[in-house]
Every structure is written in C-alpha cells, then in structure tokens.
Amino acid sequence: MTSQVNAVPADSLAARLARRELLNLEPYQSARRIGGSGEMWVNANESPFNRTGINGANRYPECQPPGLIAAYSAYAGVTPNELVCGRGADEAIELLIRTFCVPGKDSIGIFSPTYGMYAISAATFNVAVNTLPLAEDFSLPGDISSLSGSKLVFVCNPNNPTGTLLPLCEIARVAKTFPNALVVVDEAYIEFARNADGSPAQSATGLMAEFENLVVLRTLSKAFGLAGARCGFLLARPSVCELVMRVIAPYPVPVPVSVIAEKALSPEGIAQMRADVVLLNKQGARLTAALSDAGLTVLPSGGNYVLAFSSKIENLAASLTSAGIVARRYSHPRLKDAIRISYTSEQETDSIIEAIGRIDSK
C-alpha cells in the first residue's frame, strides 16, 4: 500500500508552530513507506540472504512497526496516530527541535537543573535556550512567564537529576501559561513515580485531550530495562505526530529492537516490569535510609535514583570510588555538593550501603 502524506489542519497549533518549509514537504518515500504486494521483493536493494537467525534482519523494517505501535499505544492509553516511535526519547527531543524551531531564530525553554540533552540538542541546531531556575525545593517557581516566546518548553517529570515529581495540576499550569508553545513533558521515569499514598503517579497523557500543546516523551530504557535497545516514544496530537513524521529517519526502529520491545510490552513483559519496579523502589528506600543515617540530605525521588547533598560530599564520592562504585556528580552550581546514585539490585545495594557506612559526613 502506498504511504500518503496526511494533511495537517492549517488552524492547528502544530501547523502554526512548525517550520514553514515542512508544511508542504513530501517525506522521503522509502521502499517500506511505498509498500506493495507480491512474492519477490526487489525494490529496496536489500540482500536476499538472512545469515543472522533474526527473522527479517536482511530487510528494511517498517518506519513505524505496526505491532509495536499497537502495543505501546495500548499500554500508554493513546491512539496509534498519537504516537511516534524512535531511538529513545533522546531522538524525540531532537525531532521536536528540528520540526518546530528555526535555527538562529527560535528558542526552547527549560527549568534548571534538569536533563542536559534539551540544551545540548538545541545548541547543535543553533536554537537558543531560555533557562529558568527551579525553586529552592526544586519545584516549579510561581512565576514562569519569563519563558514566554519559547517554541518548546521542556518539563522533566520526574525531574532528572533531582527526582522532583510535579502533580498534574502543575503540568496543566505550564500548558495554560504557554498556549502558543509545545509543552514537552519528559516522563522517562514515570513508572517509578509514586504519590504520597504509594499509588502510581498519573501520566500527563491524561491531559492530552484537554491541551492541544501537550507532548509526552516516554522510553523503554528505564523501568523496562532496555536502555541498550534504544526505543522511545513521542505522544501528542496527530497533527504534531504527522509533522514529526516528515523529518524522522526512514528506518528509525531496527528489526531486533522492535521484536524485543514488543515482547517487553506483552502482558507478561509489563507484569515483569512492574515487579522489577517494586524491587528497585524497595532498594531505593534502603539506599535513602542509609544516606540519611549517614547525615546526608536526600531529596524525595520519583525516579530510579536518589540525589544526596552534603558539605562533605567528597567523602562519600571517595568511599564509593574506592569500592569500585561509579555514581554521578554534576558541575551545576546548585549540585556541586550533590551526588546521584541509581537504584540497583539488592546485592549491589548492600555494597553501596557498606561504602556509605565508611564515611563520616556529619
């Protein structure tokens, strides 16, 4: 079947924000997008020989594998035309910047400190970055209007590296404040996030029907344990997805990745993921208690990591290093006395706790 370019409604926010040249752009028509029917496929300059043992590895994959799109849309509670799959959420960040920001003219907005790739991806495309510091407790500041004028406003929730979890009312506040920008909510860690009563935190996908300007990024790298597979998703209104599909690479989802991802999104795979999250959060609670007992200040975290502060943070860093444990330090001025430690297995958590016990940070 021949792939057609879907029209983007001229009155949609996506059309108003998009780079002008993309509105009439005909995407590259790869062999898979053009499609066809027949017994012998000789339209894509592929090898007829599959020497890998992986079914379909000698053939180019579908741009958006139907089985994978169906599986993740069902998991996330969106329709297939509200979803784009790519090489991790990192690719989605770049795709959004390429689709909506004019180099040398437009800008993005971020709340700092946060995930560094928003600013780096913008810089590589000559797109300016407007930065607003988070509040003292790393929540959103009361006045966020200084980010007005940004084409994209990124909100990492839970925030990396602080672990801060924003309630949906705060996400809605951002969406209302910037009606003429796309508000991009990065939910890489959402499966780990819990409300105060222990219930799973709600995803911002529940706000997509209300806010045309809302985009949600998700990934299989964290809770699903597939960081090496590089599989992520952009969830948004169909008009946004259609424009992003005009700039995406012809084959963003390799065949082995699609196979692994579909298996992870099966009922059995999702059940395993949720069991893993329970185990990791349990180890995170042990890690938090050990750090607190050692005199460090630990931020409540909605992710699979903790950020701990101490005026003697070098003591902890040295103890971890001597034990062969690699944790994360930051150059950001507000994080110079902090260290981030990921949740891990019970055995490795035992080793980390042992290293923490060897410091005197009080």
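Residues numbered from 1 in each chain as written. Predicted model: local features only at pLDDT ≥ 70, side-chain atom pairs only at ≥ 80, totals over all residues. Heavy atoms only, no water.

Enquirer: So what exactly am I meant to see when it comes to the environment of Leu-166 here?
Expert: Summarising the element assignment, Leu-166 is placed in the loop between β4 (152-156) and α6 (168-177). When its relative accessible area of 9% is taken as the criterion, Leu-166 is described as buried. As for Leu-166 and Phe-138, which are separated by 28 residues in sequence, their C-alpha atoms are 9.9 Å apart. (Helix = DSSP H or I, 4+ residues; strand = E, 2+ residues; numbered from the N terminus. Buried < 20%, exposed > 50% of the residue type's maximum accessible area, 1.4 Å probe, protein only.)

Enquirer: Help me understand the packing of aromatic side chains in this model?
Expert: Aromatic ring pairs are described here by two measures, namely the spacing of the ring centres and the angle between the planes. Inspection of the entire model under this criterion finds eight aromatic pairs. Aromatic side chains Tyr-60 and Tyr-251 sit 4.4 Å apart centroid to centroid with 10° between the ring planes, which places their arrangement in the stacked category. Here Tyr-251 lies in the loop between α7 (238-244) and α8 (255-264) and Tyr-60 lies in the loop between α2 (31-34) and α3 (66-76), a separation of 191 residues in the sequence. Relative accessible area serves as the criterion here: at 37%, Tyr-60 is assigned to the partly exposed category. The rings of Tyr-72, Tyr-75, Phe-224 and Phe-233 are connected pair by pair, giving a single aromatic cluster. (Phe/Tyr/Trp six-rings, centres within 6.5 Å; stacked < 30°, edge-to-face > 60°.)

Enquirer: How do you make sense of the UniProt feature "domain: Aminotransferase class I/classII large" (unreviewed entry) in the protein when you look at a structure like this?
Expert: As recorded in UniProt, the feature "domain: Aminotransferase class I/classII large" (unreviewed entry) lies at residues 55-356. Taken end to end, residues 55-356 has its terminal C-alpha atoms 48 Å apart, with 35% of it in helix and 16% in strand. (UniProt positions renumbered as here; feature names shortened; annotations may be inferred.)

Enquirer: Teacher, can you tell me more about the pattern of salt bridges here?
Expert: Where charged atoms from two side chains of opposite charge approach closely, those side chains can pair. According to the stated counting rule, one finds 13 salt bridges in the structure shown. As a salt-bridge pair, Glu-91 and Arg-87 come within 2.6 Å of each other at their nearest N and O atoms. Taken together, the shared-partner salt bridges connect Glu-187, Glu-191 and Arg-218 into one network. (Salt bridge = Lys/Arg side-chain N within 4 Å of Asp/Glu carboxyl O.)

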